[in-house]
Amino acid sequence: MQLPPLNALKAFEATARLMSLSKAGDELHVTHAAISHQIKHLERWLGRKLLQKSGRGVALTPAGAEYYLAVSGSLAAIAHATGNMRRDHNMRSIAVGCIPSIASRWLVPALPSFRESDPDLDVRIVYARAEERFDDESLDVLITMGEDLLAGRESRLLFSRRNQPVASVHYLAKRNWTVDKVPLAAADLLHDESVDGWKEWFRKAEIKAPEPIRGPIFQDFNILATAVIAGHGVALCPVEVFRREIERGDLVVLSDISTAETQGYYLIISAWAKKPVQRFAEWFMKECNSSSPPR
């Protein structure tokens, strides 16, 4: 079996994925010059040009693009096999990383039903940040915002992130407003991390936004959810994620105009996930498609 230099393969894969020699160097903890040297070594070994300059970065040549598909898939398969070897091969437990907004509303309430169906498999739930990416050496499942397009990953859409204005009936009653006649520019606006979400919504709705846009800003989305349900004001919320609160009448949707329609929440697993992980993924997909409350 004739294999190319493996360090050069790693340097090429990271550079092609990140489209940057310096970013590849940061990821692999070597210098920009070392990455460049490894790629030139690989190109000499293959007798083909893989990368070319493009502005301040790099771009793949046609040969490089074809080679990257094979290399990235092969390295992903090796990483997955290595992760499996390092973990318990009997799969008596699986590790699930989940962002809090999905964990508190969907995963944790429904978990007893999975334990009933798979009593011999333990599930370890760990906190995941919204920007966290899937790492199959530490996780079997990642539930987060956004899909993972890397080779060797399987991303399954759970919910759209379509945001619409919502409020509690208590807040509307306090302001003597009806659901179909809420002057949102005059409402107490609640914000997720910044006021940018509401700026975008007013622009799409073609409504003059208050100047300045005010209201409390919540870094944690679960705290924002608590505030809107408690009647503190109006928030932009992903209505699919809040489907049960809306069905129960805890929240009412105030407008059909939405933002972030192209974004979503995904369940991510390895393309070579073992059967227990596949069973968990299929179970949770079914839970998220159900409108009935968890048992």
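Residues numbered from 1 in each chain as written. Predicted model: local features only at pLDDT ≥ 70, side-chain atom pairs only at ≥ 80, totals over all residues. Heavy atoms only, no water.

Time to look at the nonpolar core. The biggest cluster of nonpolar side chains holds 47 residues, and the ones touching the most others in it are Ile102, Leu107, Ile143, Phe280 and Phe284. Counting residues per element, the ones that place at least two in this core are β3 (93–98), α5 (100–117), β5 (141–145), β6 (153–160), α8 (221–229), β10 (234–238), β12 (264–270) and α10 (275–288). Residues Val182, Phe202, Ile213 and Val234 belong to the second largest nonpolar core, which totals 18 residues. (Core = buried A, V, L, I, M, F, W, Y, C linked by side-chain atoms within 4.5 Å. Buried < 20%, exposed > 50% of the residue type's maximum accessible area, 1.4 Å probe, protein only. Helix = DSSP H or I, 4+ residues; strand = E, 2+ residues; numbered from the N terminus.)

This part is about the UniProt feature "domain: HTH lysR-type" (unreviewed entry) in the protein chain. UniProt tags residues 4–61 as "domain: HTH lysR-type" (unreviewed entry). Here residues 4–61 is 62% helix and 14% strand, with 19 Å between the C-alpha atoms at its ends. (UniProt positions renumbered as here; feature names shortened; annotations may be inferred.)

Across the sheet, 5 strands lie side by side as β4-β3-β5-β12-β6; this open sheet has mixed pairing. Each having just a single partner strand, β4 (122–127) and β6 make up the two edges of the open sheet. Neighbour-to-neighbour, the strand axes of this sheet turn through a mean angle of 20°, independent of strand direction. Here 4 bridges tie β5 to β12, and the two strands are oriented antiparallel to one another. Across the sheet, residue threonine 144 finds its bridge partner in β12, namely tyrosine 266. Running at roughly 15° to β6, α10 makes contact with β3, β4, β5, β6 and β12 of the sheet. (Pairing = 2+ DSSP bridges. Axes fitted to C-alpha atoms, helices over the stretch in contact; angles between N-to-C directions. Contact = heavy atoms within 4.5 Å.)

The 5 strands lie next to each other as β9-β8-β10-β7-β11, forming an open sheet whose pairing is mixed. Of all the strands in the sheet, just β9 (217–218) and β11 (252–253) have a single pairing partner and so form its edges. Direction of pairing for strand β8 (residues 189–192) relative to β10: parallel, over a ladder of 2 bridges. Of the residues in β10, the one forming a bridge with leucine 189 is valine 234. Sheet contacts for helix α7 (residues 196–205): β7 (163–167), β8 and β10; angle to β10, the most-contacted strand, approximately 90°.

Along the chain, the position of arginine 161 falls in the loop between β6 and β7. Despite its burial, arginine 161 remains without a salt bridge, the nearest opposite charge being carried by aspartate 192 at 4.3 Å. With residues up to four places along the chain from it excluded, the contact list for arginine 161 reads Met145, Asp192, Pro238, Thr259, Ala260, Gln263, Gly264 and Tyr265. (Lys, Arg positive; Asp, Glu negative; His and termini not counted. Salt bridge = Lys/Arg side-chain N within 4 Å of Asp/Glu carboxyl O.)

Viewed as axis vectors pointing N to C, helix α1 (residues 6–18) and helix α3 (residues 32–46) meet at an angle of 110°, and their least axial separation amounts to 8 Å. With respect to α3, the element α1 is oriented roughly perpendicular. The element α1 and its partner α3 pack so that their crossing is left-handed. Facing α1, whose interface residues are Asn7, Ala8, Leu9, Ala11, Phe12 and Thr15, α3 presents Ile35, Gln38, Ile39 and Leu42. Taken together, the residues of the contact of α1 with α3 break down into 7 nonpolar, 3 polar and no charged. (Parallel < 35°, antiparallel > 145°, perpendicular 65-115°, else oblique. Left-handed = near helix turned anticlockwise from the far one by under 90°. Nonpolar A, V, L, I, M, F, W, Y, C, P; charged D, E, K, R; others polar.)

Throughout the structure, instances matching the rule amount to 13 aromatic pairs. Note on phenylalanine 221 and phenylalanine 242: the rings are 5.7 Å apart at their centroids and 75° apart in plane angle, and the pair reads as edge-to-face. Linking phenylalanine 221 in helix α8 with phenylalanine 242 in the loop between β10 and α9 (243–248), this pair joins segments that are 21 residues apart in sequence. Here phenylalanine 280 and phenylalanine 284 contribute two aromatic rings whose centre-to-centre distance is 6.4 Å and whose plane-to-plane angle is 15°, an arrangement assigned as stacked. Within this pair, phenylalanine 280 and its partner phenylalanine 284 are both found in helix α10, separated by 4 residues, close to a single helical turn. The pair formed by phenylalanine 280 and phenylalanine 284 is uniform in burial state, with each residue classed as buried. (Phe/Tyr/Trp six-rings, centres within 6.5 Å; stacked < 30°, edge-to-face > 60°.)

Two elements in contact, α5 and α8, have axes separated by 8 Å at closest approach and are oriented at 55°. Taken as axis vectors, α5 and α8 run oblique relative to one another. Of the residues in α8, those in contact with Pro100, Ser101, Ser104 and Arg105 of α5 are Phe221, Asn222 and Ala225. Partitioned by chemical class, the residues of the contact of α5 with α8 number 3 nonpolar, 3 polar and 1 charged.

Let us now look at the environment of glutamine 38. Structurally, glutamine 38 is set in helix α3. Residues glutamine 38 and alanine 8 lie 30 residues apart in sequence; the distance between their C-alpha atoms is 4.7 Å. Setting aside residues up to four positions removed in sequence, glutamine 38 forms contacts with Asn7, Ala8 and Ala11. A polar side-chain atom of glutamine 38 sits 3.4 Å from the main-chain amide nitrogen of alanine 8. (Polar contact = N/O pair within 3.5 Å; in protein donor to acceptor, adjacent residues only side chain to side chain.)

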